[in-house]
Number of protein chains: 2
Amino acid sequence: MREFLLHSRTGYTGANFKSLMMGGRLDIVYQCVLMALFKSAAHRQDVVFHAILNGPPNPPMHLEISGAELRDVRIDERSWEKVLKNVLSGKSHPGIAVDKTPFQKLIKEKSAAGYKILVLSNEGNEINGEKLDGDMLFVLGDHVGLPKNDESFALRYGTKVSLGREKYLAASCIDIVNYHLDQI
Amino acid sequence: MREFLLHSRTGYTGANFKSLMMGGRLDIVYQCVLMALFKSAAHRQDVVFHAILNGPPNPPMHLEISGAELRDVRIDERSWEKVLKNVLSGKSHPGIAVDKTPFQKLIKEKSAAGYKILVLSNEGNEINGEKLDGDMLFVLGDHVGLPKNDESFALRYGTKVSLGREKYLAASCIDIVNYHLDQI
């Protein structure tokens, strides 16, 4: 399985926002969903996307979206604004689960389940040199980056990998990782 | 210079739409802009993004966005909905130009100006094997693909390149090309 985990420092944990951007930068979560789960006219069946939202009113919240089970979605931000408002106010949506798992607990659980934990960072080893197989969880931060203590925690279970010297949008990082894995 | 040209079959050429998706899939144009021009906390100074919009009421329309000159933009779709509505109704925005150049004329002009024309297609040569240097224009279609006659025309001036066997979103294709060029 190929999984991504976005740590969102400010993403709202309720549905009271005017736009995804004004919802603590939930627009970044949308962009990551787009790049993690969508190909041309298809969902990626082998990808699960996670976001841990740490904004008000009820942090943390763990959003889990499974490409294999996702239904009734389009790819534009406005559609996802509705979808996220629904799930953040407790409504159900096929393929999307919401619970209270915090960031560090999710890392620990995935590691215990045999997942390789790979933290995206410019300071890591080049992704081309990594052995990419089995179950993998790629971990990344939002526009501000991972909080130091969470990064240190994740690195107890895994290693840093780099996509080169450029600093990419979180969504680009996910897209590039998907591309690398598609080449294998 | 690194340039991208998206052929949008249905993208509206006026500002009378409720959302970018309902504007003839202008959401795809937005996604391509995002991936073409934005890095983390920066614009790509060396990238120009073009879209030829062929939807109502006034086709074709050529949208040209220069990373070096772009100002006053955020990265979410709603912000770009406002920006695109403004420029499509004749208002100015720094870094964005609108004119009536059709797809084939733009290809011809770029080729005459010394640009290498590279048409993204699953049937092309692997991008890893291509010599990527100098001025380049990467050409791609929207969710339906390039119209046959426009593809044939572009191939009179250039060649097909492939990003592998997967069929990616247009925005992903642009992102992956940017990533490849960043490695050089």
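Please read these numbers as outputs of a predicted model, since none were measured by experiment.

Undergrad: Quick question: what am I supposed to make of the sheet that holds strand 5 (residues 61-66) of chain A here?
TA: Strand-to-strand pairing in sheets goes through backbone hydrogen bonds, with the strands running parallel or antiparallel. Residues and elements named next belong to chain A. The strand order across the open sheet formed by seven strands is 6-5-4-1-8-7-9, and the pairing between neighbours is mixed. Taken across any chain shown, the strands that pair with only one partner, and hence form the sheet edges, are strand 6 (96-99) and strand 9 (158-162). Taking the axes of each pair of neighbouring strands and ignoring which way they run, one obtains an average angle of 25° across the sheet. Pairing between strand 4 (residues 47-53) and strand 5: six bridges, direction antiparallel.

Undergrad: Would you mind showing me how to read the environment of Gly11(B) here?
TA: Residue and element names in this part refer to chain B. Looking at the element boundaries, Gly-11 is found in the loop between strand 1 (2-8) and helix 1 (26-37). Owing to a relative accessible area of 0%, Gly-11 belongs among the buried residues under this scheme. Separated by 15 residues in sequence, Gly-11 and Leu-26 have C-alpha atoms that sit 5.2 Å apart.

Undergrad: How should I be thinking about helix 3 (residues 103-112) of chain B in this particular structure?
TA: An α-helical turn contains 3.6 residues, so any two residues separated by three or four positions project in the same direction. Residues and elements named next belong to chain B. Residues of helix 3 that are buried: Phe-103, Leu-106, Ile-107 and Lys-110. Taken down its axis, helix 3 places every buried residue within 100° of arc, on the same side. Of the surrounding elements, those touching the buried residues of helix 3 are strand 1, strand 4 (47-53), strand 5 (61-66), strand 7 (116-126), strand 8 (136-141) and helix 4 (148-157). Directly after helix 3, the chain includes Gly-114, whose backbone phi takes a positive value near 95°.

Undergrad: What exactly am I supposed to notice about the sheet that holds strand 4 of chain B here?
TA: All names here are of chain B. Strand order in the open sheet formed by seven strands is 6-5-4-1-8-7-9, with mixed pairing between adjacent strands. Taken across any chain shown, the strands that pair with only one partner, and hence form the sheet edges, are strand 6 (96-99) and strand 9 (158-162). Within this sheet the neighbouring strands show an average axis-to-axis angle of 25°, counted without direction. In terms of strand pairing, strand 5 meets strand 6 through four bridges, oriented antiparallel. Considered in strand 6, the bridge of Leu-63 is made with Val-98. With respect to the sheet, helix 1 is in contact with strand 1, strand 4 and strand 5, its orientation differing from that of strand 4 by roughly 170°.

Conventions used here
Residues numbered from 1 in each chain as written. Chains lettered and ligands numbered in written order. Predicted model: local features only at pLDDT ≥ 70, side-chain atom pairs only at ≥ 80, totals over all residues. Heavy atoms only, no water. Pairing = 2+ DSSP bridges. Helix = DSSP H or I, 4+ residues; strand = E, 2+ residues; numbered from the N terminus. Axes fitted to C-alpha atoms, helices over the stretch in contact; angles between N-to-C directions. Buried < 20%, exposed > 50% of the residue type's maximum accessible area, 1.4 Å probe, protein only. Arc of directions from axis to C-beta. Contact = heavy atoms within 4.5 Å.

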